[in-house]
Amino acid sequence: MTRLADRLGLALPLLQAGMGAVAGAELCAAVSRAGAGGTLALYKEPPARAARLVREVAAATGRPFGVNVIPEVTGPAACLDQLRAVLPELPRGAFVTSFGLPDADAARAVRAAGHPLVIQVGTVMEAGTALGRGAAVLVLQGTEAGGHLLGRLPVRDLLAGVRARHPHAVLAVAGGIATGGDLADAIARGADGAMAGTLFIPVAESTAHPLFKQRVTEAVADDTLITSLFRIGWPHRPHRVLGNPLTIAGERAPTTFIATTRVDGREYPIPRYSAAAPGNGTTGRIEEMAMYCGRSCTRVTGRHPAAVTVARLSQEYESSRGLRTASPGPANGIPARTSGSASRPQSQER
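Because the structure is a prediction, the values reported are computed rather than measured. (Residues numbered from 1 in each chain as written. Predicted model: local features only at pLDDT ≥ 70, side-chain atom pairs only at ≥ 80, totals over all residues. Heavy atoms only, no water.)

A. Spatial organisation of the state of the cysteines. For the structure on display, the rule yields zero disulfides. Just so you know, Cys293 is unpaired, no disulfide at all, and the nearest cysteine sulfur is the one on Cys297, 3.9 Å from it. Taking relative accessible area as the criterion, Cys293 reaches 0% and is therefore assigned buried. (Disulfide = S-S within 2.5 Å. Buried < 20%, exposed > 50% of the residue type's maximum accessible area, 1.4 Å probe, protein only.)

Below, the structure is given as structure tokens:
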């Protein structure tokens, strides 16, 4: 048991990232039932639909789960509308995660409803701001992570900086987590747990498009890159994706519609260079869409049910902890950096 698991009521100190087009009600509930922190992506969901999805998850699991909001995408007012719709539906023990800093009103609403607030940040400065807004848990996102990036530091360096500045904070790391050994390593370096996204993209309950799942399981770390190409709908935030025809093209293609996605029986057009990831209701030029993926993809190989994935990771975690207990460590108790540590990620800014 770590402070993260204790604070959120989890059997395993692992949170599933709230990824748009991936983290629907079924995935959230399945991860929750398995003992980790399942998270429902609210992304741009209208408040009424968001509330309905929360009710679906609550009916499917009796264990803690969370919802994820993205204030910088929805805007403060719409984010608060989402929260006002879902907070009354969240059962006791549920938590709220925010990708980036929520404004003071949103943070206050979560705390007033009695739910732990989990804030994901990418800098040491934002970590302090998040704690000042009442974060019960901080998720520290390193540049190894897939998706939109909140900072410029590898996760190891960010963890060291925040832990030194805030020694008593409950910290999870995001970026590079795909096995129980990865989780054990993060905790040995001073984290209280971790968040994983890429790990859960290919699982059976994920709503990612089949091609998206296939590409993640076949990819290795160097198949990913940091770019600013997929900015429509989410500008000014670099993102780590799998390389595709657009990332290697010499010239920018026209910003025309290349796909459609179906939600609640309605179809929505998707332009080239959209921030939208392909879900299982998406049709069209899927290969040209943003497929967010972290460097941990090298160790993501299966498309099993979430329960199998979480059970495997839990077993690996316990085995890794046992080996650490049996082996003498360095005098200061902090594991030495090894030659196998991940290198800094490649970047491609366009």
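B. Looking closely at the environment of Ala196. Tracing the chain through its elements places Ala196 in strand E9 (residues 193–196). Placed 182 residues apart in sequence, Ala196 and Leu14 show a C-alpha to C-alpha distance of 7.2 Å. (Helix = DSSP H or I, 4+ residues; strand = E, 2+ residues; numbered from the N terminus.)

C. Focus on the side chain of Ser32. Along the chain, the position of Ser32 falls in helix H2 (residues 25–33). Among all residues touching Ser32, those that are not within four sequence positions of it are Gly38, Thr61, Arg63, Pro64 and Phe65. (Contact = heavy atoms within 4.5 Å.)

D. Geometry of the sheet that holds strand E5 (residues 117–121). One open sheet accounts for eight strands, arranged E1-E9-E8-E6-E5-E4-E3-E2; its pairing is parallel. With one partner strand each, in any of the chains shown, strand E1 (14–16) and strand E2 (38–41) form the two edges of the open sheet. Averaged over all pairs of adjacent strands, the angle between strand axes in this sheet comes to 25°, irrespective of strand direction. (Pairing = 2+ DSSP bridges. Axes fitted to C-alpha atoms, helices over the stretch in contact; angles between N-to-C directions.)

E. Focus on helix H5 (residues 76–86). Looking at H5, one finds that the buried residues are Cys79, Leu80, Gln82, Leu83, Ala85 and Val86. Lining the buried residues of H5 we find helix H3 (47–60), strand E3 (65–69), helix H4 (71–74), strand E4 (95–99) and helix H6 (104–112).

F. View of the nonpolar core. Counting residues in hydrophobic clusters, the biggest one holds 108 residues, and the most contacted among them are Leu14, Leu40 and Phe200. Broken down by element, this core gets its largest block of residues, six residues, from H2. Beyond its immediate chain neighbours, meaning those up to four positions away, Leu40 contacts Ala23, Gly24, Ala25, Cys28, Leu53, Val54, Val57, Gly66, Val67 and Asn68. (Core = buried A, V, L, I, M, F, W, Y, C linked by side-chain atoms within 4.5 Å.)

G. The pairing of E4, seen in detail. Of all five residues in E4, five are buried; the element is thus mostly enclosed. By the alternation rule, side chains of E4 split into Phe95, Thr97 and Phe99 and Val96 and Ser98, which are all buried. Direction of pairing for E3 relative to E4: parallel, over a ladder of four bridges. In the strand pairing of E4, Val67 is matched with Val96. As paired strands, E4 and E5 are joined by four bridges and run parallel to one another. Following the sheet pairing, Thr97 is matched in E5 by Val118. In this fold, E4 hands off to H6, which returns the chain to E5; that crossover is right-handed. (Right-handed = clockwise from strand over helix to strand, strands pointing away.)

H. Here's a closer look at H3. Helix length check: H3 (14 residues) gives 20 Å between terminal C-alpha atoms against 20 Å at 1.5 Å per residue, within 8%. Buried residues along H3 sit against H2, E2, E3, H5 and strand E12 (257–263). (Expected span 1.5 Å × (residues − 1).)

I. Here's a closer look at the environment of Ala34. On the secondary structure map, Ala34 appears in the loop between H2 and E2. Of the residues examined, Ala34 reaches a relative accessible area of 31% and is grouped as partly exposed. Residues in contact with Ala34, not counting those within four places in the same chain, are Ala307 and Val310.

J. Spotlight on the sheet that holds strand E11 (residues 239–242). Pairing is antiparallel across the open sheet formed by three strands, whose spatial order is E7-E11-E10. Edge positions in the sheet fall to strand E7 (147–148) and strand E10 (224–227), since each has one partner strand and no second. Here two bridges tie E7 to E11, and the two strands are oriented antiparallel to one another. Across the sheet, the residue bridging to Gly147 is Arg240, located in E11.

K. Quick peek at the packing of aromatic side chains. Taken as a whole and assessed by the stated rule, the structure comprises one aromatic pair. With a centroid separation of 5.8 Å and an interplanar angle of 90°, the aromatic rings of Phe99 and Trp234 are classed as edge-to-face. Note that Phe99 is positioned in strand E4 and Trp234 in the loop between E10 and E11, a separation of 135 residues in sequence. The ring of Tyr273 has Arg252 lying over it, and the distance from NZ or CZ to the ring centre is 3.8 Å. (Phe/Tyr/Trp six-rings, centres within 6.5 Å; stacked < 30°, edge-to-face > 60°. Lys NZ or Arg CZ within 6 Å of the ring centre and 35° of its normal.)

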